[in-house]
Amino acid sequence: MNTTTRLFALLSLLALSIGFLQSCKNKDPSIVKVYVRSESNALLSGVKVILIGDQSSDPATNAFVDTVITNESGFATFSLNEHFEEGEKDYEVAYFDIIAKTTEKIGTGYIRTRVNTTAVETVVIQ
């Protein structure tokens, strides 16, 4: 009887350990990367990029607005981890409008992204 109790306790502990390790599994980040190009197809640095959640999309995207300046490589990166965490449990897809602005010109785009993925879009400044 004592051996059976120990075996049951060991199996229970093993099952709980596996469940705990699965819940701590690292998830990929949720990122939107926006490249900005000129009409001549050159990557542009120092461009203001605004990402706006499309609340009229189907399914609706939660409210979101963020602004990032493109780096020397001509892209802006938006982390959406907190955005997806604030949503309901089944909130896994989001749609965003993109506005890229210089002092003289503007470009627009649209992107769909999923939780724990990296979505990439290119916007051309006209």
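Since we're looking at a predicted model, the values are computed, not measured. (Residues numbered from 1 in each chain as written. Predicted model: local features only at pLDDT ≥ 70, side-chain atom pairs only at ≥ 80, totals over all residues. Heavy atoms only, no water.)

What about the sheet that holds strand 7 (residues 118-124)?
Pairing between sheet strands relies on hydrogen bonds along the backbone, with the strands arranged either parallel or antiparallel. Test applied: Here a strand pair is declared whenever DSSP counts at least two bridges between the two strands. Numbering of helices and strands runs from the N terminus, with a helix taken as a DSSP run of H or I at least four residues long and a strand as a DSSP run of E at least two residues long. All axes here are fitted lines through C-alpha atoms, helices being fitted over the stretch that makes contact, and every angle between N-to-C directions spans 0 to 180 degrees.
Taken together, the three strands give an open sheet; going across it, the order is 4-1-7, and neighbouring strands pair in mixed fashion. Either end of the sheet is taken by a strand with one partner, and the two such strands are strand 4 (75-79) and strand 7. Across the sheet, the mean angle from the axis of one strand to that of its neighbour is 20°, orientation sign disregarded. Where strand 1 (residues 31-37) and strand 4 come together, five bridges link them in antiparallel fashion. Counterpart to Y35 in the pairing with strand 4 is F75.

Observations concerning the packing of aromatic side chains
Selection criterion: Two rings belonging to Phe, Tyr or Trp (six-membered ring only in the last case) form a pair when the distance between their centres is within 6.5 Å. Interplanar angles under 30 degrees mark stacking, angles over 60 mark edge-to-face geometry, and anything in between is tilted. The rule is simple: take the accessible area with a 1.4 Å probe, protein chains only, and divide by the maximum for that residue type; under 20% is buried, over 50% is exposed, in between is partly exposed. We call a charge positioned over a ring when the NZ of a Lys or the CZ of an Arg lies within 6 Å of the ring centre and within 35 degrees of the ring normal.
Inspection of every chain in the model, using the stated rule, returns four aromatic pairs. When the centroid spacing of 5.5 Å and the interplanar angle of 75° are considered together, the rings of F64 and F96 count as edge-to-face. With F64 in the loop between strand 2 (48-53) and strand 3 (65-69) and F96 in strand 5 (residues 93-101), this residue pair connects regions lying 32 residues apart in the sequence. A relative accessible area of 16% places F64 in the buried class. Taken together, a centroid distance of 5.4 Å and an interplanar angle of 40° make the contact between F84 and Y91 tilted. K33 extends its terminal NZ or CZ atom over the ring of F75, reaching a point 4.5 Å from the ring centre.

Quick word on the side chain of S30
As a reminder of what qualifies: Counting of polar contacts relies on pairs of N or O atoms within 3.5 Å, with two restrictions inside protein: one atom must be capable of donating a hydrogen and the other of accepting it, and residues adjacent in sequence are counted only when both atoms are side-chain atoms. A contact between two residues is defined here by any heavy atoms of the two lying within 4.5 Å.
Along the chain, S30 turns up in the loop between helix 1 (2-23) and strand 1. The buried category is assigned to S30, whose relative accessible area is 1%. Polar side-chain contacts of S30 include one of 2.7 Å to the backbone nitrogen of N116. Ignoring sequence-local partners within four residues, the contact set of S30 consists of F78, S79, L80, N81, F84, R114, V115, N116 and T117.

Considerations on the layout of surface pockets
It is the rolling of a water-molecule-sized probe over the atoms that shows where space remains empty. Using the following cut-off: Each cavity reported here is a set of points on a 1 Å grid over the protein atoms alone in which a 1.4 Å probe fits but cannot get out, each pocket an open set with protein on both sides within 12 Å along at least five of seven lines, and each lining residue one with an atom within 4 Å of a point. Grid points are joined across faces, edges and corners, and a volume is the space filled by probe spheres set on the points. The residue classification treats Ala, Val, Leu, Ile, Met, Phe, Trp, Tyr, Cys and Pro as nonpolar and Asp, Glu, Lys and Arg as charged. All others, Gly included, are polar.
Of the voids in this model, the largest pocket is the one considered here, and its volume is about 240 Å³. What lines the largest pocket is K27, D28, S30, N81, F84, E85, E88, K89, Y91, E92, V115 and N116. Looking at side-chain class alone, the lining of the largest pocket contains three nonpolar, three polar and six charged residues.

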